[in-house]
Amino acid sequence: MLVTTSTTTEPTPAGGVGPDVSPRRPLRSWLRFTGSVGPLGIATAMLWLSVIVLLPLAALTASAFDDGWSGFWGAVTDPPALASLRVTVLVSLAVALLNVVMGTMIAWVLVRDDFPGKGLVNTLIDLPFALPTIVASIVLLALYGPQSPVDIHLNATRPGLVVALAFVTLPFVVRSVQPVLIEADREVEQAALSLGADNWTTFRRVVLPTLAPAIISGGGLAFARAIGEFGSVVLIGGNIPRETQVASQYIQQQIEIDRPVNAAAVSVALLVIAFVALLVLRVFAERTARKEREAR
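Everything numeric here is computed off the predicted structure, so don't read it as measured data. (Residues numbered from 1 in each chain as written. Predicted model: local features only at pLDDT ≥ 70, side-chain atom pairs only at ≥ 80, totals over all residues. Heavy atoms only, no water.)

**Digging into the overall build of the protein**
Heads up, the rule is: Secondary structure is summarised from DSSP: a helix means a run of H or I of at least four residues, a strand means a run of E of at least two, and numbering begins at the N terminus for each. Accessible area is worked out with a 1.4 Å probe on protein chains only. A residue is then buried under 20% of its type maximum, exposed over 50%, and partly exposed in between. All accessibility values rest on the Shrake-Rupley procedure with a 1.4 Å probe; residue burial counts only the protein chains present in the view.
Scanning the protein from N- to C-terminus turns up twelve helices and zero strands. Along the chain direction, N to C, the helices and strands of the protein fall in the order α-α-α-α-α-α-α-α-α-α-α-α. When burial is assessed residue by residue, the protein has 31% of its 296 residues classed as buried. On the protein, roughly 18,300 Å² of surface is accessible, and the fraction owed to carbon and sulfur atoms is 66%.

**A short note on the environment of Thr288**
For Thr288, the position within the fold is in helix H12 (residues 260–295). A relative accessible area of 16% places Thr288 in the buried class. Separated by 75 residues in sequence, Thr288 and Pro213 have C-alpha atoms that sit 7.4 Å apart.

**Focus: the nonpolar core**
Selection rule: Residues belong to a common nonpolar core when they are buried Ala, Val, Leu, Ile, Met, Phe, Trp, Tyr or Cys residues joined through side-chain atoms within 4.5 Å. Two residues form a contact once any of their heavy atoms are found within 4.5 Å.
Counting 21 residues, the largest nonpolar core has Ala64, Phe72, Val76, Leu85, Ala265, Val266 and Leu270 as its most contacted members. Mapped by element, the contributors of at least two residues to this core are helix H3 (68–76), helix H4 (79–112), helix H11 (247–256) and H12. Contacts of Phe72, omitting those with residues within four sequence positions, involve Ala64, Phe65, Ala265 and Val268. Counting 15 residues, the second-largest nonpolar core is a separate cluster that includes Val87, Val91, Ala226 and Ile236.

**Re the side chain of Ser92**
Just so we agree on the cut-off: N or O atoms closer than or at 3.5 Å make up a polar contact, with two conditions inside protein: a donor-capable atom paired with an acceptor-capable one, and, for residues adjacent in sequence, both atoms drawn from side chains.
Here Ser92 shows up in helix H4. Within polar-contact distance, the side chain of Ser92 engages the backbone oxygen of Thr88 at 2.7 Å. Separated by 3.4 Å, the side chain of Ser92 and the backbone nitrogen of Ile227 make a polar contact. Aside from chain neighbours lying at most four places away, what touches Ser92 is Phe223, Ala226 and Ile227.

**Things to note about the packing of H4 against helix H10 (residues 199–226)**
Definition in use: Between the N-to-C directions of two axes lies an angle of 0 to 180 degrees, each axis being a line fitted to C-alpha atoms and, for a helix, fitted only over the stretch in contact. By the definition adopted for this analysis, an angle is roughly parallel if under 35 degrees, roughly antiparallel if over 145, roughly perpendicular if from 65 to 115, and oblique otherwise. Left-handed describes a crossing whose near helix is turned anticlockwise from the far helix by less than a right angle; the clockwise case is right-handed.
For the pair H4 and H10, the least separation of the axes is 9 Å and the interaxial angle reads 140°. Of the possible angle classes, the one that applies to H4 and H10 is oblique. Relative to H10, the crossing made by H4 is right-handed. Between H4 and H10, the residues in contact are Val89, Ser92, Leu93, Ala96, Asn99, Val100, Thr104 and Trp108 and Phe203, Val207, Ile215, Gly219, Ala222, Phe223 and Ala226, respectively.

**Topic: the confidence of the model for the protein**
Which entries qualify depends on this criterion: What pLDDT expresses is the predictor's confidence in each residue, scored from 0 to 100.
Summary statistics for the protein give a mean pLDDT of 84 and a share of 87% for residues scoring 70 or more. Contacts of residues 1–17 to residues separated by more than four positions or lying in other chains number 14 contacts, the stretch itself having pLDDT below 50.

**Structural notes on the environment of Leu98**
Its location among the elements puts Leu98 in helix H4. Relative accessible area serves as the criterion here: at 37%, Leu98 is assigned to the partly exposed category. Considering only alpha carbons, one finds Leu98 and Gly219, 121 residues apart in sequence, at a separation of 9.0 Å. Sequence-distant contacts of Leu98, defined by excluding residues within four places in its chain, comprise Gly103, Val162 and Ala166.

**Quick look at a positive patch on the surface**
Note the threshold: Residues form patches when they are more than 30% accessible in relative terms and have no salt bridge. Like charges link within 9 Å. Nonpolar side chains (Val, Leu, Ile, Met, Phe, Trp, Tyr) link within 5 Å. By convention in these notes, a salt bridge is any Lys or Arg side-chain nitrogen within 4 Å of a carboxyl oxygen on Asp or Glu. The sign given to each residue is positive for Lys and Arg and negative for Asp and Glu; His and the chain ends receive no count. To locate a charge, the coordinates of NZ of Lys, CZ of Arg, CG of Asp or CD of Glu are taken.
Together, Arg287, Arg290, Lys291 and Arg293 give the surface a local cluster of positive charge. Mapped onto the secondary structure, Lys291 falls in helix H12.

**Thoughts on a nonpolar patch on the surface**
On the surface, Ile42, Met46, Leu47, Trp48, Leu49, Val51, Ile52, Val53, Leu54, Leu55, Leu57 and Leu271 cluster together into a nonpolar patch covering about 1,100 Å² of accessible area. Here the element with the most residues in the nonpolar patch is helix H2 (residues 38–64); it accounts for eleven residues. Of the residues examined, Trp48 reaches a relative accessible area of 58% and is grouped as exposed.

Put into structure tokens, the structure is as follows:
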């Protein structure tokens, strides 16, 4: 007796016939390398990243927990440490907001206006990247210190911290916004103006939504840079506990009095704050890019 059986086939994702093997694809995707450098190039990059970034961070974290979790928590929540962290975060937020406004304005002027010396101004924007920050502190102390030639005294004050940190973080906002302004479609602005919108309405309704991702990114980078700054505030800040002492100065103080665990603990706290800020920026940038791809 001959028995025949019929088999059914399922379409594969490629559109042919055969068993569905899609559940195995994620594993293969993890093992597949794409790009031009290949596995060796990726391994070299990861090794260098580990030596330069990951290993120092791991050593710092291990030092912060030399006395256990209770020792770490006690060092971070010590009133002087908390005061320095609070001053650092508040001043950095103020600096980021200030640079969001002024940096966007400067980028707008550099892109949309022509004036004598524009190239020089454009070059000066990058000066804080190359200038040692301690030099900025010396200059600001000479300009706004006790012997100020302009009779403005900001030494050992929080406004002095804001001015110093604004100097070193301004390029982040300008250089984030400037390329977006260059690539912006000006025909949309002209259309809004031709329909009767004034300059402020055109900027708020047409230009600002386009610039918002770059502005937020630049402001976030400025904040992350400001919380770890030391050189530009070391002189003009005054290092007054609970008033103008920022976290980086508190860390130096703890090292000088031979309390390395406390210094490492506060350093880890700063790293966590900076990492969270950068992670939020990363998530925001990916979400913005995904929305742009979907809009296309």
